Amino acid sequence: MLNGMQINERMISKYTRNLVDAGNGAFNIMVLCWGPGHASAIHDHADSHCFMKILSGSLEEVRYEWPNNVEPEVLKKLKTKNSCCSANEIATEDRTSDLIYNCQNDTCPNFRGKSDNTEHREQDGDQDYDANKMAEIGRTSLEVNDVCYINDALGLHRMENPSYVDGAVSLHLYCPPFDSCRMFDARTGKPTDIKVTFWSMYGKKVKRVIEANDIVDSQE
Ligand SMILES: N[C@@H](CS(=O)O)C(=O)O
Ligand SMILES: [Fe+2]
């Protein structure tokens, strides 16, 4: 209901994303500042590599499986790359891998019926997501100098500053850079496309309007 509504910066309490280096378009390095209790919502990383290091304080990372009805781009690409047959090619046993879930060529030995894995992000109704509570697959406490890596093939995550009193600072490298990603409703797995924004760029605060659907966690 708040989607798209303009709200004042003081009305929302969230971590800030501060761009330090845009790597000539090849990567983004940013410093994220987390106030006590600040957290991100469950999100993907737009098919990018994400490395992070804790510079100050501590953060807890919680990882999740992708909801059944949403498929990451990275797996779609792997499936295409590893497709087991084509018009000129005959499938062989050794080319079969876990990544080939179901070849859609009905003359192929890996054909297991026409797949119906339409992406539910195209659909509107919340009822499509009722049975898809997000499954937690791991929890890691990160202290100063700890590093962590995630990409879409490894799952989804959210980060939280567990302290009630101390702030935390983390350094993030995203390669390639991305300006939008998906955040997921923790109870239903329903994805929402969101634009990610910067609080500051190269040390200068960005004048901007905060949108209610920023990655801030409002689900807990
Ligand atoms: N990936 C998040 C930060 S974190 O929660 O990993 C972001 O770029 O805002
Ligand atoms: Fe993240």
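See the structure above.
Residues numbered from 1 in each chain as written. Chains lettered and ligands numbered in written order. Predicted model: local features only at pLDDT ≥ 70, side-chain atom pairs only at ≥ 80, totals over all residues. Heavy atoms only, no water.

**Comments concerning the site of ligand 1**
Okay, step 1: Surveying the vicinity of ligand 1 reveals the residues Y15, R17, L32, W34, S40, H43, H45, H157, M159, H172, Y174 and I215.
Okay, step 2: At a separation of 2.7 Å, an oxygen atom of ligand 1 approaches a polar side-chain atom of S40.
Okay, step 3: Relative to its unbound accessible surface of 280 Å², ligand 1 loses 99% to contact with the protein.
Okay, step 4: The set of elements that each furnish at least two residues to the shell around ligand 1 consists of β3 (28-34), β9 (156-160) and β10 (168-175).
Okay, step 5: Here the shell around ligand 1 is built from residues that sort into six nonpolar, five polar and one charged. (Near = heavy atom within 4 Å. Polar contact = N/O pair within 3.5 Å; in protein donor to acceptor, adjacent residues only side chain to side chain. Areas by Shrake-Rupley, 256 points an atom, 1.4 Å probe, with all protein chains shown as cover. Helix = DSSP H or I, 4+ residues; strand = E, 2+ residues; numbered from the N terminus. Nonpolar A, V, L, I, M, F, W, Y, C, P; charged D, E, K, R; others polar.)

**What about the coordination of the iron ion (ligand 2)?**
Okay, step 1: Binding of the iron ion (ligand 2) to the protein goes through H43 (NE2), H45 (NE2) and H157 (NE2), at separations of 2.1 Å.
Okay, step 2: Look at where the donors of the iron ion (ligand 2) fall in the sequence and you get H-x1-H-x111-H. Of the two residues, H43 sits in strand β4 (residues 42-43) while H157 sits in strand β9, which places them 114 residues apart along the sequence.
Okay, step 3: With a relative accessible area of 2%, H157 lands in the buried category. (Donors = N, O, S within 2.8 Å, 3.2 Å for Na, K, Ca; no water. Buried < 20%, exposed > 50% of the residue type's maximum accessible area, 1.4 Å probe, protein only.)

Any functional reading would require information beyond the geometric quantities listed.
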